[in-house]
Amino acid sequence: MMTSNLSVLGSTGSIGKQSLDVCRKCGYTVKALTAFSSVDEIEAQAREFRPELVTLVDEKSAETLKIKLKDTSVRVLSGIDGVCECAALESADTVLNSVVGMAGLKPTLTAVRAGKKIALANKETLVAGGRLVMSEAEKYGVKILPVDSEHSAIFQCLEGKPSNKALKKLILTASGGPFFGKTRDELKTVTLESALKHPNWSMGAKITVDSATMMNKGLELIEAVWLFSVKPSDIDIVVHRESIVHSAVEYSDNSVIAQLGLPDMRIPIQYALTYPERYESPVDELDLTELGNLTFYKPDYDTFECITICRDAITKGGLYPAAVNSANEQANLMFRKGEIGFLDIAERVRKVYETIDCKDEYTFEDVIEIDKLARQMVRGD
Ligand code: NDP
Ligand code: MG
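Residues numbered from 1 in each chain as written. Chains lettered and ligands numbered in written order. Predicted model: local features only at pLDDT ≥ 70, side-chain atom pairs only at ≥ 80, totals over all residues. Heavy atoms only, no water.

> Could you give an account of the pattern of salt bridges, with specific residues and numbers?
Tallying each qualifying case throughout the model produces 32 salt bridges. Residues Arg24 and Asp21 are paired through a salt bridge, measuring 3.5 Å at the closest nitrogen-oxygen approach. Placement of both Arg24 and Asp21 in helix H1 (residues 14–26) is noted, with a separation of three residues, approximately one turn of the helix. Looking at Arg24, the relative accessible area reads 43%, which means it is partly exposed. On the basis of relative accessible area, Asp21 is assigned to the buried category, the value being 17%. Of the charged contacts in the structure, one is a salt bridge between Glu85 and Arg75, with a shortest N-O distance of 3.8 Å. Of this pair, Glu85 sits in helix H4 (residues 79–87) while Arg75 sits in strand E4 (residues 75–78); the two residues are ten residues apart in sequence, bridging distant segments of the chain. (Salt bridge = Lys/Arg side-chain N within 4 Å of Asp/Glu carboxyl O. Helix = DSSP H or I, 4+ residues; strand = E, 2+ residues; numbered from the N terminus. Buried < 20%, exposed > 50% of the residue type's maximum accessible area, 1.4 Å probe, protein only.)

Printed below as a string of structure tokens:
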């Protein structure tokens, strides 16, 4: 199904804004927009795109927005239920979910049940509720197209795959983040400012810190398990500093196919929307001779232990990935608020993983319950 009418959830964020840029270039109609509390930004977006519906999760901000948009026909809602209404909006055929965190899970499930095509940037949706989302997607015959650059790369490399037997492994590339090559001792004292300086990508604060701890790669490993139905042990992680090779797949004949491009999220965002077609892109061409060299390294699993925690959590299965994800959301937030140090993030996530009791089978309500518990454990209350 080709995209023509979109709901963009998390439209004021880094991916949200780039998605709207793709909508402008490709001429898609935007039917709904959502954010948490960014009143001015979403007002400007609403005036430009004239959607039917806009939601701000924060009630007070939604009230302010309602007054600001009084002269338009745009309907304004609040709360996560408002986001879900945008996800199920009848006039939209596609939902691009670029909400940050597991708050995106309910809107994703709502969009799946409403039969929408999903362009998914919100990786926490699959980490926290992978089995729920994938089984509902199968039930409703809904396609989930990856926006995350690594998963878009793998998705592209798998096109034309003859059979499941032909696939040997996925090779997930990682930039290594701003602290590549640093020792644990050096990481004890790193500041938020240095953690927010990503070498290749400009992203929201949460994912930028996740890249610094390499939790992001652990979350992506779990995301790949769900999207591509592979075992965690069939996913290799390779540090690739230049972020040009966005990931690769290895087939049974040891032929490796990779997807390359400049590090600009508008390429994977656009492909999730135009698939199976390809349109012209606003992103520059890749000039390999200008790059000269591409480098690859093994990850330092002792220093960046979040990758191993995530691999262990998805191997154990059940609610463990959800617990680890929520623990990380809380610890990441506390680091950004200056309440804990950088190495405390992994330490607190590990503690939750090692001490929490998780079910094998779960419902959406179980995910919400484990989320509360994991956050409490990280806060220590
Ligand atoms: P940002 O922080 O830049 O944007 C997040 C968006 O979600 C904003 O619109 C924000 O609104 C909204 N939001 C925040 N909290 C809530 C909530 N509790 N409920 C509903 N909406 C909320 O994040 P990014 O764009 O960087 O990332 C979005 C998702 O995409 C993440 O899952 C991330 O892992 C994934 N991703 C991002 C990449 C990137 O390059 N940025 C690359 C690959 C994946 P407000 O502005 O009002 O706060
Ligand atoms: Mg990624």
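> Account for the site of ligand 1, with residues named and values stated.
Taken together, 24 residues surround ligand 1, and among them Thr12, Ser37, Ser38, Glu124 and Gly204 come closest. At 2.6 Å, a side-chain N or O of Thr12 approaches an oxygen atom of ligand 1. Take Ser14: an N or O atom from its main chain is 2.9 Å from an oxygen atom of ligand 1. Expressed as a share of its isolated accessible area of 900 Å², the protein-covered part of ligand 1 is 85%. Looking at the shell around ligand 1, its residues break down into eleven nonpolar, ten polar and three charged. (Near = heavy atom within 4 Å. Polar contact = N/O pair within 3.5 Å; in protein donor to acceptor, adjacent residues only side chain to side chain. Areas by Shrake-Rupley, 256 points an atom, 1.4 Å probe, with all protein chains shown as cover. Nonpolar A, V, L, I, M, F, W, Y, C, P; charged D, E, K, R; others polar.)

> Quick one: what's the story with unusual backbone geometry, residue by residue and with numbers?
Most peptide bonds adopt trans geometry, and most residues besides glycine take a negative phi value. Of note, the amide linkage connecting Tyr275 to Pro276 takes the cis form, showing an omega dihedral of 5 degrees. Here Pro276 lies in the loop between helix H12 (266–274) and helix H13 (288–291). Even without a glycine there, the phi angle at Ser247 is positive, about 155 degrees. Within the secondary structure, Ser247 sits in strand E10 (residues 245–251). One non-glycine residue, Asn254, lies in positive phi territory at about 65 degrees. Within the secondary structure, Asn254 sits in the loop between E10 and strand E11 (256–260).

> For the nonpolar core, give the residues involved together with the corresponding values.
In terms of nonpolar packing, the biggest core is built from 121 residues, with Leu170, Phe228, Phe342 and Val367 touching the most fellow members. Every residue in contact with Val367, bar those within four places of it in the chain, is listed here: Met102, Leu105, Ala128, Leu132, Leu319, Ala322 and Tyr362. (Core = buried A, V, L, I, M, F, W, Y, C linked by side-chain atoms within 4.5 Å. Contact = heavy atoms within 4.5 Å.)

> Can you tell me about the coordination of the magnesium ion (ligand 2), naming the residues and giving the values?
Protein coordination at the magnesium ion (ligand 2) comes from Asp148 (OD), Glu150 (OE) and Glu220 (OE), with a distance range of 2.1 to 2.2 Å. Mapped onto the polypeptide sequence, the residues donating to the magnesium ion (ligand 2) form the spacing pattern D-x1-E-x69-E. With Asp148 in the loop between strand E7 (144–146) and helix H7 (149–157) and Glu220 in helix H11 (residues 215–228), the pair connects residues that are 72 residues apart, well separated along the chain. You'll find Asp148 and Glu220 in the same group, each marked buried. (Donors = N, O, S within 2.8 Å, 3.2 Å for Na, K, Ca; no water.)

> How would you summarise the packing of H1 against helix H2 (residues 39–49) if you had to cite specific residues and measurements?
Packing of H1 against H2 leaves a shortest axis separation of 13 Å and a crossing angle of 10 degrees. When the axis of H1 is compared with that of H2, the two are roughly parallel. Judged by residue contacts, Lys17, Leu20, Cys23 and Arg24 of H1 engage Glu41, Gln45, Glu48 and Phe49 from H2. Classifying every residue of the contact of H1 with H2 by side-chain character gives three nonpolar, one polar and four charged. (Axes fitted to C-alpha atoms, helices over the stretch in contact; angles between N-to-C directions. Parallel < 35°, antiparallel > 145°, perpendicular 65-115°, else oblique.)

> Go over H12 with me, naming the residues and quoting the values.
Buried residues dominate H12, accounting for eight of its nine residues. Buried within H12 we find Arg266, Pro268, Ile269, Gln270, Tyr271, Ala272, Leu273 and Thr274.

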